[in-house]
2 protein chains.
Amino acid sequence: MKQTVRDLYSNLESLGQQTVTLHGWVRNHRAQKAFGFIDLSDGTFFETVQVVYEESLTPDFSAVQKIRIGSSIKVVGTLVLTPDMKQPFEVKADTVELIGDALEDYPIQPKRHSREFLREHAHLRPRTNLFTAVFRVRSLLTHAIHTFFQDKHFVHVASPLITTNDAEGAGQLFQVTTLDLDNLPRTKDGAIDYGKDFFARKANLSVTGQLQAEIFAQAFTNVYTFGPTFRAEKSNTPTHASEFWMIEPEMAFCDLAMNMDVAEEMVKYIIQYVLERAPKEMAFFDKFVQKGLLEKLDHVLKTPFARITHQEAVDKLLAAPVSFEHAPNHRGDLATEHEKYLVKAMGGPVFVIDWPKDIKAFYMRLNDDLETVAAMDLLVPGAGELIGGSQREERLEVLKERMRAMHVPEEELWWYLDLRKYGTTPHSGYGLGFDRMLMYLTGVENIRDVIPFPRTPRQCEF
Amino acid sequence: MKQTVRDLYSNLESLGQQTVTLHGWVRNHRAQKAFGFIDLSDGTFFETVQVVYEESLTPDFSAVQKIRIGSSIKVVGTLVLTPDMKQPFEVKADTVELIGDALEDYPIQPKRHSREFLREHAHLRPRTNLFTAVFRVRSLLTHAIHTFFQDKHFVHVASPLITTNDAEGAGQLFQVTTLDLDNLPRTKDGAIDYGKDFFARKANLSVTGQLQAEIFAQAFTNVYTFGPTFRAEKSNTPTHASEFWMIEPEMAFCDLAMNMDVAEEMVKYIIQYVLERAPKEMAFFDKFVQKGLLEKLDHVLKTPFARITHQEAVDKLLAAPVSFEHAPNHRGDLATEHEKYLVKAMGGPVFVIDWPKDIKAFYMRLNDDLETVAAMDLLVPGAGELIGGSQREERLEVLKERMRAMHVPEEELWWYLDLRKYGTTPHSGYGLGFDRMLMYLTGVENIRDVIPFPRTPRQCEF
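For the structure given in this document, a descriptive report is provided here. Keep in mind it's a predicted model, so treat the numbers as computed, not measured.

So, the overall build of chain A
In terms of helices and strands, chain A carries 14 helices and 16 strands. C-alpha atoms of chain A, sized along the principal axes, occupy 85 × 65 × 45 Å. Counting all 462 residues of chain A, 61% fall into the buried class. Summarising the internal contacts of chain A: among those between residues at least 6 apart in sequence, 68% fall at separations of at least 24. A gap of 3 Å separates the mean positions of the 52 positive and 64 negative side-chain charges of chain A.

Considering the pairing of strand β15 (residues 384–391) of chain B
Along a regular strand, successive side chains alternate from one face of the sheet to the other. Residue and element names in this part refer to chain B. Counting buried positions over the eight residues of β15 gives six, a clear majority of the element. The turn linking strand β14 (residues 372–380) back onto β15 is made up of three residues, and G382 within it adopts a positive phi angle of 85°. The pairing of β15 with strand β16 (residues 427–433) spans five bridges and is antiparallel. In the strand pairing of β16, G388 is matched with G431.

Let's talk about the sheet that holds strand β4 (residues 72–81) of chain A
Residue and element names in this part refer to chain A. Ordered in space as β1-β2-β3-β5-β4, the five strands form a closed barrel in which the pairing is mixed. Neighbouring strand axes in the sheet, compared pairwise and without regard to direction, differ in orientation by 55° on average. Of the strand pairs in this sheet, strand β2 (residues 35–41) and strand β3 (residues 49–54) are connected by six bridges, and their pairing is antiparallel. Its bridge partner being in β3, F37 is matched across the sheet by V52.

What to know about the relation of the copies chain B and chain A
Rotating chain B by 180° about the axis while translating it 0.0 Å along that axis superimposes it on chain A, leaving an RMSD of 0.0 Å. On this basis, the relationship between the two copies can be described by a two-fold rotation axis. Residues of chain B ranked by C-alpha distance from the rotation axis are headed by V176(B), positioned 2.4 Å from it.

Description of the interface of chain B and chain A
Between chain B and chain A, the contact holds 115 residues from the first and 115 residues from the second. Here chain B meets chain A over a buried area of about 9,600 Å², counting both sides, of which 66% is carbon and sulfur. Counting the contacts that link chain B with chain A gives two salt bridges. Note that R201(B) and E461(A) form a salt bridge whose closest N and O atoms lie 3.3 Å from each other. Summed over the shared surface of chain B and chain A, the result is 43 residue pairs in polar contact (both at pLDDT 80 or more). Counting residues per element, the side of chain B that touches chain A draws most heavily on helix α5 (residues 129–151) of chain B, at twelve residues. For the side of chain B that touches chain A, the class distribution of residues is 57 nonpolar, 37 polar and 21 charged. Alignment of strand β8 (residues 175–177) of chain A against strand β8 (residues 175–177) of chain B, held across three bridges, turns out to be antiparallel. Note on β8(B): the bridge partner recorded for V176(A) is V176(B).

With respect to helix α11 (residues 336–346) of chain A
Two residues of an α-helix separated by three or four positions point the same way, owing to the 3.6 residues in each turn. Residues and elements named next belong to chain A. Of all the residues in α11, the buried ones are H338, E339, L342 and V343. The arc enclosing the buried residues of α11, seen along the axis, measures out at 125°, which places them on a common side. Residues of α11 that are exposed and point over 90 degrees away from its buried face: T336, K340 and K344. If you follow the buried residues of α11, they end up packed against β12 (306–309), α10 (310–318), β13 (350–356), β14 (372–380) and β15 (384–391).

Quick look at the packing of aromatic side chains
Remark: the centre distance and the inter-plane angle together describe each pair of aromatic rings, the angle taken between the planes. A full pass over the atoms with the stated rule returns 63 aromatic pairs over all chains. Judged by centre distance (5.8 Å) and plane angle (65°), the rings of Y53(A) and F61(A) are edge-to-face. Each of the two residues, Y53(A) as well as F61(A), counts as buried. Relative to F462(A), the ring of F453(A) has its centre 5.9 Å away and its plane inclined at 40°; by these criteria the two rings are tilted. Accessibility classification places F453(A) together with F462(A) in one group, the buried group. Of the aromatic side chains, those joined through ring pairs into one cluster are F131(A), F135(A), F453(A), F462(A), F216(B), F220(B), F362(B), Y363(B), W414(B), W415(B) and Y416(B). A cation sits over an aromatic face here: R277(B) above Y273(B), 3.6 Å from the ring centre.

Brief notes about the packing of helix α5 (residues 129–151) of chain A against α5(B)
Closest axis-to-axis distance for the α5(A)/α5(B) pair is 11 Å, and the angle between their directions is 140°. By the criterion of interaxial angle, the relationship of α5(A) to α5(B) is oblique. The handedness of the crossing between α5(A) and α5(B) comes out as left-handed. The segment α5(A) lies against α5(B), with S139(A), L140(A), T142(A), H143(A), H146(A), T147(A) and Q150(A) engaging S139(B), L140(B), T142(B), H143(B), H146(B), T147(B) and Q150(B). Within the contact of α5(A) with α5(B), the residues separate by chemical class into two nonpolar, twelve polar and no charged.

A closer look at the side chain of T425(A)
Take T425(A): it is sitting in the loop between α13 (414–421) and β16 (427–433). For T425(A), a relative accessible area of 0% translates into the label buried. Looking at T425(A), its side chain comes within polar contact range of the side chain of Q218(A), at 2.7 Å. With residues near it in sequence (within four places) discarded, T425(A) still touches Q218(A), A252(A), F253(A), E394(A), W25(B), S72(B) and I99(B).

What to know about unusual backbone geometry
The backbone of T221(B) shows a phi angle near 70°, a positive value even though the residue is not glycine. As for its placement among the helices and strands, T221(B) is situated in the loop between α6 (210–220) and β10 (222–230).

Brief notes about the pattern of salt bridges
Once the charged atoms of two side chains with opposite charge are near each other, the side chains can pair. One pass over the full model with this rule turns up 50 salt bridges over all chains. Note that D377(A) is salt-bridged to K360(A), the shortest N-O span being 3.3 Å. Of the two residues, D377(A) is situated in strand β14 and K360(A) in the loop between β13 and β14; the sequence distance between them amounts to 17 residues. Under the relative-accessibility criterion, D377(A) is labelled buried at 5%. K360(A) gets classed as buried once you look at its relative accessible area, which sits at 14%. For K280(B), the salt bridge identified is with E47(B), shortest N-O distance 3.8 Å. With K280(B) in helix α8 (residues 279–289) and E47(B) in the loop between β2 (35–41) and β3 (49–54), this pair connects stretches of sequence that are 233 residues apart. Members of the salt-bridge network, linked through shared partners, are R115(A), R119(A), R125(A) and D449(A).

Criteria and cut-off values
- Residues numbered from 1 in each chain as written.
- Chains lettered and ligands numbered in written order.
- Predicted model: local features only at pLDDT ≥ 70, side-chain atom pairs only at ≥ 80, totals over all residues.
- Heavy atoms only, no water.
- Helix = DSSP H or I, 4+ residues; strand = E, 2+ residues; numbered from the N terminus.
- Buried < 20%, exposed > 50% of the residue type's maximum accessible area, 1.4 Å probe, protein only.
- Contact = heavy atoms within 4.5 Å.
- Lys, Arg positive; Asp, Glu negative; His and termini not counted.
- Charge placed at Lys NZ, Arg CZ, Asp CG, Glu CD.
- Pairing = 2+ DSSP bridges.
- Axes fitted to C-alpha atoms, helices over the stretch in contact; angles between N-to-C directions.
- Least-squares fit on C-alpha atoms with pLDDT ≥ 70 in both.
- Buried area = accessible area lost by both parts, 1.4 Å probe.
- Salt bridge = Lys/Arg side-chain N within 4 Å of Asp/Glu carboxyl O.
- Polar contact = N/O pair within 3.5 Å; in protein donor to acceptor, adjacent residues only side chain to side chain.
- Nonpolar A, V, L, I, M, F, W, Y, C, P; charged D, E, K, R; others polar.
- Arc of directions from axis to C-beta.
- Phe/Tyr/Trp six-rings, centres within 6.5 Å; stacked < 30°, edge-to-face > 60°.
- Lys NZ or Arg CZ within 6 Å of the ring centre and 35° of its normal.
- Parallel < 35°, antiparallel > 145°, perpendicular 65-115°, else oblique.
- Left-handed = near helix turned anticlockwise from the far one by under 90°.

Structure representation (structure tokens):
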């Protein structure tokens, strides 16, 4: 492999006074009369390299002086340690070769661009400091999650994305079809003939891989999914995207308490993983994106996550010396203001467990009080709900009863019921929204700025 | 975490004569008059554990004798090393507790089931030896690929799955829509009004992440995608699925030769990774699925991959002492019989490079002969094409000319052209079909048997 900027920063001592060869892009360029400075980035490391050239340069000093920002170049030169300067080294160029020119109208100039402008230039924004940092951390976070589960011998399950069932009953689905919409086939009675569609029935994009993960947990004990999921919600908010990635571990012979143990350990592991491997990026976020970010994360690392029931949480809210806009309610969901108060009052991340059954999904395990289910939401400072999970209803008759009450059709989920007929187990799992976790880690406030090419209502460019 | 079968096999020496606790499913059960044997699997390890119980068992010997295959149980007992027997140890049970019964009609009995039968029971097939092995290797392969690229500091890119362009011009796309098909909105002139669709235009599922990966390579130098892709091909073959995972690395400042170096290193790395971590599973495949599998893979590991041009390959075929069903053609594609002959004649894996431009995609770099493009296909013994890649056309005018010739609309790919306007670089990449790689690694011949819940024409159950 070629030498990279990362190699230089990782092996500075041994490379001093050595000849190095770099390929990259010009982030900045200050050409003086008799010399010049180029900030070169190859994207392998957060920091750029300062390249210094003088009139002695080959092939052509004056041509090099004209190299524009955004151009790709090849530099051969000597690495010189500069312990007294801001940067630990610079490269004194012997040759600078232009590989790919950047036209004069190159939109990414060394100045502050608005996030909105950069979203419209999503194909160029990875070349900025902010997005270099965001997308490298995104990549590290991806590997952190796989490594956490693989080290524990969890089996990764590629849950299907095209599906014929609507697990959450959310209803906001993207339909997937190969029918010719200009010429829809019809049955005798005039309905659309889905027998002629690709899958011979109506299909949509999946909103979760959980139900399929449960299948695998009933064979491998510990499994996880990590893949894209879809929501056709027409909400233009900073936290909603139509296509996003989810992590969904599922564990057999596992109750709600063990489920929370794994979730807590995972959150701490991935924070630690990223802090260790992207210190420059994380310092950048702390300085320019969210002041106090590192302190926030450090606090999460050091604090045991609290656990309280939904009832205790609402009691606490009702007793709070605060007037909330939404009244806390023992039968209702928590509002954002409630979540904020709770994490503050509890001094850190908190699992709220045992939720009223009527506001939770059909597959959550009914508690002995017959009123609540063994669900858990993890609330964290500065982001509200980060994880949602539950122990699953493993008792066939109780599950059927819940499905009837919540109008979930049994015939679609015959295989899900089979899991309760053949060797059912107490089992649990949770879902972590990958992109929201990345927002939490970086302090970036809009989900459009942590997804390479976000899909939102009326937006599907690139 | 709970004790698992994997823990036992990994720490046998220290666990001898110790009390162990296991949770799992009954794979087999032989109840005798005064004692019984249960094969217990918890899916964490390929091998089962033999549990022996006697009349002294608590809570109830006769109840335990009736436990059916497929049931979930909890066993507490003593681990006894049995160095003279087939299995290295057994567990003498003190208590066996039934957790979840399996109804009498449990479909997975300890006998040979046909693959077709098991596909119809895709929710239960992970509980069989074959699929335990396949899906654990699938999971390991997933991590092998991430680890290979992450160790080299490649940045993972989550390329979008919903898209408005058809990168390959393949045309066999799944449409994604939230329009009500029973009540399609129309424009004044009667056409479907896609302005009212979710993305305000016609959208489909992506067939590749390559073009978006190129965007990221132009910022990070080395990147890779690893995610699902879709093809709405109505072909019912053992190697086609409608939803499958692809790995697409993309590297800036990288020519075709370096591209092949990375591909070869990756293939060898992931084979080695899986052989080391799943020896039991791989031995099982070698014995029961594809005789000679281990030898095949070992040969790939040890052999430098050959490289020949398409022209040389066709010359070789024309000179071969074999009569092919399809005549080899300097302007045409290679048939399966040609691929088979070539890997045999070359003594192992072979990259075929420099293909006729008319049969390859618009983005492949035109060679100086103006007739061929810098493409490469990797052919391997026993599978034909495993990888396809190319150096990409980095020259704006040449690319535009190729797009015109191949009727690829410029206006849809304005951002792709921008990459050639602003700091273009020689760059290359390739695509590896994940599921086909898994078939190659396991010897399993039908793609439906390496995907947890395969999607194929008229099949979208589970």
